[in-house]
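Now for the letters of each chain:
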Protein chains: 2
Amino acid sequence: MLTQISAAACHGGTVLKLAHASPLLGCDMKLSVFLPAGAALRPSDAAVDAAARLPTLLFLSGLTCNEDNFITKACAVRTAARLGLVLVCPDTSPRGLGIAGEDDSWDFGTGAGFYVDATEPKWARYQMFSYITRELPALLQAQLPVDPLRMSIFGHSMGGHGALVCALRNPGTFKSVSAFAPISNPINCPWGHKAFGGYLGTDNKDAWKAYDATELTRGYSGPEVPVLVDQGAEDSFLKNGQLLPDNLVAAAASNPRMHLEYRLHKDYDHSYWFIQTFIDDHLEFHHKHLTA
Amino acid sequence: MLTQISAAACHGGTVLKLAHASPLLGCDMKLSVFLPAGAALRPSDAAVDAAARLPTLLFLSGLTCNEDNFITKACAVRTAARLGLVLVCPDTSPRGLGIAGEDDSWDFGTGAGFYVDATEPKWARYQMFSYITRELPALLQAQLPVDPLRMSIFGHSMGGHGALVCALRNPGTFKSVSAFAPISNPINCPWGHKAFGGYLGTDNKDAWKAYDATELTRGYSGPEVPVLVDQGAEDSFLKNGQLLPDNLVAAAASNPRMHLEYRLHKDYDHSYWFIQTFIDDHLEFHHKHLTA
């Protein structure tokens, strides 16, 4: 059950910090939510009127982030309020499980769940793929005016990878998907090798491919899903081979079911300064597909 | 001399983190700056072309803040870029002077300079009024395309007080002034008693009045300066008597030279969620007066 930590008026709606116990992850989890004017958190035993349910956008954050970064820094609330979109910003990993070494790396463990369901016994509680695609949506639909038939997903960096993977592995669940500077081909980059090796095992390359946006794009056979990807040309992680968007673009070009628009922006880096510059384009893109 | 710590593209312009040694304050100071498209930081020995100078807005932050809060959380860059405004966000106090007790309070000392020139010997380096109105503008004009004839000032809470005081004590310097939830009458609230008592001495009530926006408004005789004040009705600091905007409004009503618009907003609190909701109104207000 979602409980309210704080609430603040913003652009005619409300920014909420919420918490809940996660049986799946074995810890308490937090999330930030923006509800447009008139929408509210309700006790879970009260049915939310279907007519009041709103199109909803999930944002998955990147390495080291939590539920605060996007809602605080992306400047998304103004346009979400105007378009009547619910924004949901979950955390990036379980917290405080007490696993040895969980806080030792900024790119593995706490803050770095990589949106996979871990199979290595030590990290068995790291089930962020199922958290984002099953546990969290059920909670949202029970207490918030979230329309399960009108959901889209987007994210940044590790969260861009997560958004693409959640959408491509669940055909029909999300009306559209977009990403800022996604880790597009993790099976071929250092971050992916470390995360997938740790969570899925170093030898289980089939499991790695099942969480790789480029591989999933190449083999996708579900309903057509529109994809928008923005990338900064001065992004240091692009330059050092962590993001590999060209591989994603090539895979999409090879698959007639994929409609991917890729935009490379001169001068921009990997930061929220980049995200806030193009956030309105993403909100408008999703709104168009959520209300089509 | 201003040196660059970092730079990032944002909305076609650049967000800069800058630093400089402050002879006045006796420490290094940082600031955040947004420069619209085409503008740049230059070495101080190169003259900045007068024709390239842009209208400029100084934002003074509140208690506990530094140069990051406004530029990160207020969502001001998009509209500043569109209007061609330079944004300058200084820090709120000297840092690391080694004064006994400087870090003991969140509302006095570090992060709480209150934009006064301290007269108590222990705090003699706390010269934030002179920093904002003299030292910083000279640095900006030497290396940035800031137009000294087209400057306005605004701020939040302690910084709203600071903006009003800087404008009212320097008639003609700023084209317009605005504030979010300003400490409007510090000589009559607990924050003001603590700060003015500590920096100016407990018995020097004439010095207190010289830094009180309500007192300055009542006696203002300079050129007409437009003032915009926004306040959230659910602001806990309004409710517990720290802000006292009604006293400022009454003082303005008693002085025909003052043109103050005061807006009380149902539901809003003291946070940056409130600021970001109304930031575009403030940017448009200042732009109108800076380009009239």
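Our subject is the structure that appears above.
Attention in this report is confined to the structure presented alongside it. A quick note: this is a predicted structure, and the numbers were derived from the prediction, not measured.

## Some remarks on the overall build of chain A
Okay, step 1: Per the secondary structure count, chain A includes ten helices and nine strands.
Okay, step 2: Principal-axis analysis of the C-alpha atoms gives chain A an extent of 45 × 40 × 35 Å.
Okay, step 3: Counting all 292 residues of chain A, 61% fall into the buried class.
Okay, step 4: In chain A, 72% of the contacts between residues at least 6 apart in sequence involve partners at least 24 apart.
Okay, step 5: Of the roughly 10,500 Å² that chain A leaves accessible, carbon and sulfur atoms contribute 51%.
Okay, step 6: Treating the 23 positive side-chain charges of chain A as one cloud and the 29 negative ones as another, the clouds have centres 3 Å apart.

## Focus on the relation of the copies chain A and chain B
Okay, step 1: Overlay of chain A on chain B (RMSD 0.0 Å): rotation 180°, translation along the axis 0.0 Å. The relationship between the two copies is best expressed as a two-fold rotation axis.
Okay, step 2: In this assembly the copies share their binding face: 100% of the residues contributing to the interface of chain A also contribute to that of chain B.

## Quick look at the pairing of strand 5 (residues 86-90) of chain B
All names here are of chain B.
Okay, step 1: Buried residues dominate strand 5, accounting for five of its five residues.
Okay, step 2: Covered by surrounding structure in strand 5 are Val 86, Val 88 and Pro 90 together with Leu 87 and Cys 89, the residues of both alternating faces.
Okay, step 3: As defined by bridge partners, strand 3 (residues 27-35) adjoins strand 5 across four bridges and the pair is classed as antiparallel. If you follow Phe 34 over to strand 5, its bridge partner there is Leu 87.
Okay, step 4: The sheet contact formed by strand 4 (residues 54-60) and strand 5 spans three bridges and is parallel. Each residue of the ladder has a partner; that of Leu 57, found in strand 5, is Leu 87.

## Let's talk about the pattern of salt bridges
Okay, step 1: All told, the structure shown has 24 salt bridges over all chains when counted by the stated rule.
Okay, step 2: Between B:Asp147 and B:Arg150 there is a salt bridge, and its shortest N-O distance comes to 2.8 Å.
Okay, step 3: Under the relative-accessibility criterion, B:Asp147 is labelled buried at 13%.
Okay, step 4: The structure contains a network of salt bridges with shared partners spanning A:Lys17, A:Glu67 and A:Asp68.

## What about the sheet that holds strand 3 (residues 27-35) of chain A?
Residues and elements named next belong to chain A.
Okay, step 1: Taken in spatial order, the nine strands line up as 1-2-3-5-4-6-7-8-9 in an open sheet, and their pairing is mixed. With one partner strand each, in any of the chains shown, strand 1 (3-10) and strand 9 (258-265) form the two edges of the open sheet. Neighbouring strand axes in the sheet, compared pairwise and without regard to direction, differ in orientation by 20° on average.
Okay, step 2: Across seven bridges, the pairing between strand 1 and strand 2 (residues 13-22) is antiparallel.

## Considerations on helix 9 (residues 245-253) of chain A
Residue and element names in this part refer to chain A.
Okay, step 1: Here helix 9 has its buried residues at Pro 245, Leu 248, Ala 251 and Ala 252. Down the axis, helix 9 shows its buried residues gathered within 120° of arc, on one side only. Across from the buried face of helix 9, at angles greater than 90 degrees, the exposed residues are Asp 246 and Ala 253.

Cut-offs applied
Residues numbered from 1 in each chain as written. Chains lettered and ligands numbered in written order. Predicted model: local features only at pLDDT ≥ 70, side-chain atom pairs only at ≥ 80, totals over all residues. Heavy atoms only, no water. Helix = DSSP H or I, 4+ residues; strand = E, 2+ residues; numbered from the N terminus. Buried < 20%, exposed > 50% of the residue type's maximum accessible area, 1.4 Å probe, protein only. Contact = heavy atoms within 4.5 Å. Areas by Shrake-Rupley, 256 points an atom, 1.4 Å probe, with all protein chains shown as cover. Lys, Arg positive; Asp, Glu negative; His and termini not counted. Charge placed at Lys NZ, Arg CZ, Asp CG, Glu CD. Least-squares fit on C-alpha atoms with pLDDT ≥ 70 in both. Pairing = 2+ DSSP bridges. Salt bridge = Lys/Arg side-chain N within 4 Å of Asp/Glu carboxyl O. Axes fitted to C-alpha atoms, helices over the stretch in contact; angles between N-to-C directions. Arc of directions from axis to C-beta.

Shape is all these values report; function is a separate question.
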